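Inside the fold
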Amino acid sequence: MKNIISNTYSRKFRGISTFESEAESIYFLLPFKFHSISIDREVLVNEIGDYLIVPQGTAKAIVHREIDFSSNLYRDLVANFFISPTPVPELLNVISTRYRTKKKSLGSFTSLHIFVVTLRCNHSCHYCQVSRAAESKSEFDISYKDLDAGINHMFLSPSEELTVEFQGGEPLLAFDKVRYAVERIQLLNEDFKKEISYVICTNSTILNDEILLFCKNYNILISTSLDGPAFIHNANRFKSGRASYDLVIEGIDRTRQALGHDKVSALMTTTALSLKYPKEIIDNYVENGFGNIFLRPISPYGFALKNQKKNHYQTAEFLDFYKQGLEHILNLNAQGVFFKEDYTSIILQKILTPFTENYVDLQSPTGLVSSVIVFNYDGFVYASDESRMLAEIKDYTFQLGHVTQPYEELFLGDKAKQILNNGVAECLAGCSDCAFLTYCGADPVLHYATQNDMQGHRAFSIFCKKNMEIIRYLFEMLDIRKGYVESTFQSWIHKPAA
Amino acid sequence: MMELRSKGKPLSFTQPIIGRITYGLAAESSILIDHSLDNTDVSDGYLAVLTKRSVTTHLSPIIHSIPSIQPLSEGDVIMMLPNGIIQTLFRVNSLDNTLFTTDRCNSNCLMCSQPPKDIDDIEYYYNVNHQVISLIPSTTEIIGITGGEPTLLGKRFFDMISHINRKLPATTIHILTNGRSFAWKNFTTRFESVNSSNLVLGIPLYSDYYLDHDYIVQASHAFNQTVLGLHNLASIGARIELRVVLHKLTFKRLPELAKFIFLNLPFVEQVAFMGLEYTGYTPHNDKLLWIDPLEYADELDIAVTYLNNNGINVSIYNHPLCLLPKPMWRFSVKSISDWKRHFLPKCDSCLVKADCGGIFATSRKVSLNINPQ
Ligand code: SF4
Ligand code: SF4
């Protein structure tokens, strides 16, 4: 790189051609991959997730050095780091900074700490993955000793931002444990000074004034289950006595009044019944004042384990459900209702921006252990929520140890290493040369649960089937329905849910 | 530099004198504007004097017989030259004060409004600016640094900034630079030692494609240097405003440029799109550069909307409202320099004149499509 300070200024300006002839007359390929998105279109994606949607055959033309130097495509390819006029791009520093930005989550290590304070529940949901226990049996609550140990581990995380999530069972049946944990964390944090946020995942049926006042004092968010309209929600979530739906809606209203509208979020579980009603479920969320929904696939744990055929069938059904839902949501936005789908937003952020959200299922290296950890009611430590569900059917593959063990043994031990080693998509057969790698992730637990192998075979992977089709579909939308769809997508990424 | 100049007859000095205008109180470095009618010597306590009267002898430096003295305010800083010219260097009541640092530049942009000259002027301007900085009030809101290319001052560049930091700790410093020097890590490291949250760098970027940018600024490697410089500046937390001049060579790839900016330079504080100033080199390169603003409205619209949707602050400067699509009006900012904003006679009937960016006072060619709203 030369710094030319010209000593004479003149009005004899150099033409564009003199600059072009100074440049190399060949171009060099930078790492990029491509994927067909429709009969006549393909998407090119580079190492840092920037994309160009082009006619089919463009990738081939690029490789065969058939791109005309004076074309706009040539300019696009150089400016977007697909090809370079020099063997090593002069902006390599920019590219590496961009790559680091995409992998930023690696720097902070575990941030989400889940405490399963009790296994007791007042519901009996048919899809529940963890075996529930009667409401009164307190031996299914976490002990103070184990809670203390988990909290101590949490403060050893290098992450400056920590999220503490209380789960169950129904965690509020063990509210004394929640209160104890929050107060202890607050006390210890006077020294550690981390950014801590709290979430309680509850079915919202037993919220009382005492609990709500406590939540207000510590700015605790409530995450509640809502599966859609009463006929779906109640069918999914059986509770003796009053119908669950009415209790949940009451709970949501009450929480909003006490804590503020935006302090309540809802989580939907998709069941075979739900698959038929995407619009109804979404409309129900809108009616209940939510600005977003997470259309989650049917969890393959428990009922569908290792049943390849059934899994694939259900993934196809889920994709239909997802597309119908997304279309409906886009229509709502067109009518002026700001509403977004969370999974789409996470993927779009990776596609349309230089940033990336920390979302465990779409991270590579996997977010298991390195982003999330679970302290179970019995003191055992798991790599994720799904890992402890496996343990409930006596499979302890993802059990890292007991909370009383030292930090290093749990977070940096052989189990943790094994999980991480199998969770680097860049090194997985199929993923390593997939165009969607930057947007996707690795999920050792799911592949182990469905294929008995932490890496899994991509061709039979429901994780791959789902993500590949969703990402392809989003590119197709970005290509053929540009304008409005793209600006709606942008608003999802940058505006928080209303 | 300020355009305001007066001329009179010099007496009793041979070197340029820089001082602060006063209408009464004598203080250090004060230059009296004398409106008295009798011929008494008023030099007592003043560094120098300006007067309309005709004077034959005077103890202290004086410029006399000035036909009309530019309206100067108490506290303005001026320079008296031995040939009788009075230059205004700083106006207390303006937000457009700039310190001109050099005529030299390492680029030679096709649309430069103030074409560079190869003159060894760095020490001269440095000394002038040094005195100006010492004389202006510490309540000054903002001061610009411009050229030529200010970073070519080398060590003097950093000296000047630290002098401002010391004398004017609350003043915003706005530096116009092409950013190329910051591609060198050691230059940026030295800059970091004088950088502060009061300092903003205005840096131009004209394309997402390196050769188009290099051609427009007439310098090979310029694009890569500027982009690397921007990244180095971001790594030290510098505040950056990107500037894009709108003309025939930039408009086609505005949407792509916007995308390049958001993806690769999302740390910039603002992106400013600016109308073309028809002066300097521009009339000479009319065929290459001139395009009626109506013709680039679509590309500008896409670029501005994209950046705004992605949370980047966007402004359009020095642009007639009537030549912008209506949805763009909210991004229009009146002007970078109030004294540069002018209007056509027909603008008087326009309902939006008060909010309009108008036309560059210096522009010798304007769109035929200017049309009162
Ligand atoms: S899981 Fe499938 S879609 Fe995702 S990166 Fe791997 S191959 Fe690509
Ligand atoms: S007519 Fe004049 S004042 Fe009105 S918008 Fe056009 S340039 Fe501005």
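Residues numbered from 1 in each chain as written. Chains lettered and ligands numbered in written order. Predicted model: local features only at pLDDT ≥ 70, side-chain atom pairs only at ≥ 80, totals over all residues. Heavy atoms only, no water.

**Details of the site of ligand 2**
Taken together, Pro320(B), Leu321(B), Cys322(B), Phe343(B), Cys347(B), Cys350(B), Val352(B), Lys353(B), Cys356(B), Ile370(B), Asn371(B) and Pro372(B) make up the full set of residues adjacent to ligand 2. Residue composition of the shell around ligand 2, by class: 10 nonpolar, one polar and one charged. (Near = heavy atom within 4 Å. Nonpolar A, V, L, I, M, F, W, Y, C, P; charged D, E, K, R; others polar.)

**Comments concerning the domain arrangement of chain B**
All names here are of chain B. Entries for chain B in the domain assignment read domain 1 (5-89) and domain 2 (98-360). Relative placement of domain 1 and domain 2: their C-alpha centres are 35 Å apart. On the side of domain 2, seven residues touch domain 1, which itself brings seven residues to the contact. Across the domain 1/domain 2 interface, buried area totals approximately 640 Å², and carbon plus sulfur atoms make up 70% of it. When the buried surface of domain 1 facing domain 2 is broken down by residue, Ile 18, Val 77 and Leu 89 rank first, second and third, together holding 60% of it. Across the domain 1-domain 2 interface, the total number found is zero salt bridges. Counting the contacts that link domain 1 with domain 2 gives one residue pair in polar contact (both at pLDDT 80 or more). (Domains from an automatic or database assignment. Contact = heavy atoms within 4.5 Å. Buried area = accessible area lost by both parts, 1.4 Å probe. Salt bridge = Lys/Arg side-chain N within 4 Å of Asp/Glu carboxyl O. Polar contact = N/O pair within 3.5 Å; in protein donor to acceptor, adjacent residues only side chain to side chain.)

**A few points about the site of ligand 1**
Taken together, Gly430(A), Cys431(A), Cys434(A), Leu437(A), Cys440(A), Arg458(A), Phe463(A), Cys464(A) and Met468(A) make up all the residues around ligand 1. Partitioned by chemical class, the residues of the shell around ligand 1 number seven nonpolar, one polar and one charged.

**Describing the domain arrangement of chain A**
As far as domains go, chain A holds domain 1 (33-84) and domain 2 (108-418). Using C-alpha coordinates to define each centre, domain 1 of chain A is positioned 40 Å away from domain 2 of chain A.

**Some details on the interface of chain B and chain A**
Between chain B and chain A, the residue contacts involve 46 residues of the former and 43 residues of the latter. Both sides together, the interface formed by chain B and chain A hides about 4,000 Å², and carbon and sulfur atoms give 58% of it. Of all residues in chain B, Tyr209(B), Leu228(B) and Leu263(B) bury the most surface against chain A, accounting for 14% of the area lost on that side. Counting across the chain B and chain A interface gives two salt bridges. Where chain B packs against chain A, one counts nine residue pairs in polar contact (both at pLDDT 80 or more). Every element with two or more residues in the side of chain B that touches chain A is listed here: α4 (210-217), α5 (222-235), α6 (254-264) and α8 (297-309) of chain B. (Helix = DSSP H or I, 4+ residues; strand = E, 2+ residues; numbered from the N terminus.)

**Considerations on the pattern of salt bridges**
All names here are of chain A. Throughout the structure, instances matching the rule amount to 27 salt bridges over all chains. A salt bridge links Arg 120 to Asp 141; the shortest N-O distance between them is 2.8 Å. Taken together, the residues span a long stretch of sequence, with Arg 120 in the loop between β6 (112-116) and β7 (124-125) and Asp 141 in the loop between β7 and α6 (144-156) at a distance of 21 residues. When its relative accessible area of 8% is taken as the criterion, Arg 120 is described as buried. Between Arg 179 and Glu 183 there is a salt bridge, with the nearest N and O atoms lying 3.7 Å from each other. On the criterion of helical spacing, the pair formed by Arg 179 and Glu 183 is a turn pair, its members being four residues apart in helix α7 (residues 175-192). Take Arg 179: its relative accessible area is 27%, and that puts it in the partly exposed class. Several salt bridges converge on common partners, so that one network encompasses Lys 323, Glu 469, Arg 472 and Glu 476. (Buried < 20%, exposed > 50% of the residue type's maximum accessible area, 1.4 Å probe, protein only.)

**Some details on the confidence of the model for chain A**
Looking at chain A, pLDDT values average 90 and 91% of them are 70 or higher. Overall, residues 1-7 of chain A carries pLDDT values under 50, and its contacts beyond four positions in sequence, including any with other chains, amount to 17 contacts. (pLDDT = per-residue confidence, 0-100.)

**Observations concerning the pairing of strand β15 (residues 372-375) of chain A**
Residue and element names in this part refer to chain A. Burial along β15 is two-sided: Val 372 and Val 374 and Ile 373 and Phe 375, pointing in opposite directions, are all buried. Here four bridges tie β6 to β15, and the two strands are oriented parallel to one another. Following the sheet pairing, His 113 is matched in β15 by Ile 373. As judged from the two bridges shared by β15 and strand β16 (residues 380-382), these two strands associate in the antiparallel manner. Directly across from Val 374, in β16, lies its bridge partner Tyr 382. With antiparallel pairing between neighbouring strands as the criterion, β15 and β16 make up a hairpin whose turn holds four residues, including Gly 379 at a positive phi of roughly 90°. (Pairing = 2+ DSSP bridges.)

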